[in-house]
Amino acid sequence: KAYKFTYIFLLCMVIILLAILLIWFTKTYKVSFDTDGAQNYESVLVRPAKKVELPPDPVKEGYIFEGWYLNDNYFDVDTLIFEDITLKAKWKKVT
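Residues numbered from 1 in each chain as written. Predicted model: local features only at pLDDT ≥ 70, side-chain atom pairs only at ≥ 80, totals over all residues. Heavy atoms only, no water.

## A few points about the packing of aromatic side chains
Think of a pair of aromatic rings as described by two things: how far the centres are apart, and how the planes are tilted against each other in angle.
Stage number 1. Applying the stated criterion to the full structure yields 6 aromatic pairs.
Stage number 2. Each ring, one from Y41 and one from W68, has its centre 6.3 Å from the other, and the planes form 65°; the classification is edge-to-face. In this pair, Y41 sits in the loop between β1 (29–34) and β2 (44–46) while W68 sits in strand β3 (residues 63–70), placing the two residues 27 residues apart along the sequence.
Stage number 3. The class of W68 is buried, set by a relative accessible area of 4%. (Phe/Tyr/Trp six-rings, centres within 6.5 Å; stacked < 30°, edge-to-face > 60°. Helix = DSSP H or I, 4+ residues; strand = E, 2+ residues; numbered from the N terminus. Buried < 20%, exposed > 50% of the residue type's maximum accessible area, 1.4 Å probe, protein only.)

As structure tokens, this is what we get:
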């Protein structure tokens, strides 16, 4: 009987592990781009703990693109994604 319990326990652990892996590998997060008046970019889907491939720098007449920002902080391209985010373009007015 102890062997039967051990096999059932191991089978349950394998099933739980497979379920966790299935959820992890099928999950994606949405990265959106707010260009603040420049051309629009489609959102992209990114797997957990992966980097997002940024689109080409947007162009806005009368402004210089200063980069993508997340919550007022410069977005580092090496950042791993763990949730849905919106990156906002930061602009400097040409004088």
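Back to the write-up after that little detour.
## Notes on the pattern of salt bridges
Stage number 1. Taken as a whole and assessed by the stated rule, the structure comprises 3 salt bridges.
Stage number 2. K88 is paired through a salt bridge with D34; the nearest N and O atoms lie 3.5 Å apart. Linking K88 in strand β5 (residues 85–93) with D34 in strand β1, this pair joins segments that are 54 residues apart in sequence.
Stage number 3. Across the pair K51 and D78 runs a salt bridge, and its minimum N-O distance is 3.2 Å. (Salt bridge = Lys/Arg side-chain N within 4 Å of Asp/Glu carboxyl O.)

## Description of a nonpolar patch on the surface
Stage number 1. Together, Y3, F5, Y7, F9, L10, M13, I16 and I20 make up an exposed nonpolar region whose accessible area comes to about 930 Å².
Stage number 2. Relative to the assigned elements, M13 resides in helix α1 (residues 2–26). (Patch = residues over 30% accessible without salt bridge, like charges linked within 9 Å, V, L, I, M, F, W, Y side chains within 5 Å. Areas by Shrake-Rupley, 256 points an atom, 1.4 Å probe, with all protein chains shown as cover.)

## Here's the deal with the nonpolar core
Stage number 1. Counting residues in each nonpolar core, the largest one holds 14 residues, and the members touching the most others are V31, V52, W68, F75, I81 and L87.
Stage number 2. For this core, the secondary structure elements donating two or more residues are β1, β3 and β5.
Stage number 3. If one sorts the elements of this core by residue count, β5 sits on top with 4 residues.
Stage number 4. Leaving out residues up to four positions away in the same chain, V31 has contacts with S43, V44, V46, V52, I81, I85 and L87. (Core = buried A, V, L, I, M, F, W, Y, C linked by side-chain atoms within 4.5 Å. Contact = heavy atoms within 4.5 Å.)

## Overview of the sheet that holds β3
Stage number 1. Ordered by their spatial adjacency, 5 strands build an open sheet running β2-β1-β5-β3-β4, and the pairing between neighbours is mixed. Of all the strands in the sheet, the pair left with one neighbour each is β2 and β4 (73–74).
Stage number 2. Of the strand pairs in this sheet, β3 and β5 are connected by 6 bridges, and their pairing is antiparallel. Each bridged residue has a counterpart across the sheet, and for Y63 the counterpart in β5 is K93. (Pairing = 2+ DSSP bridges.)

Take it as geometry only, folks, not as evidence of what the structure does.
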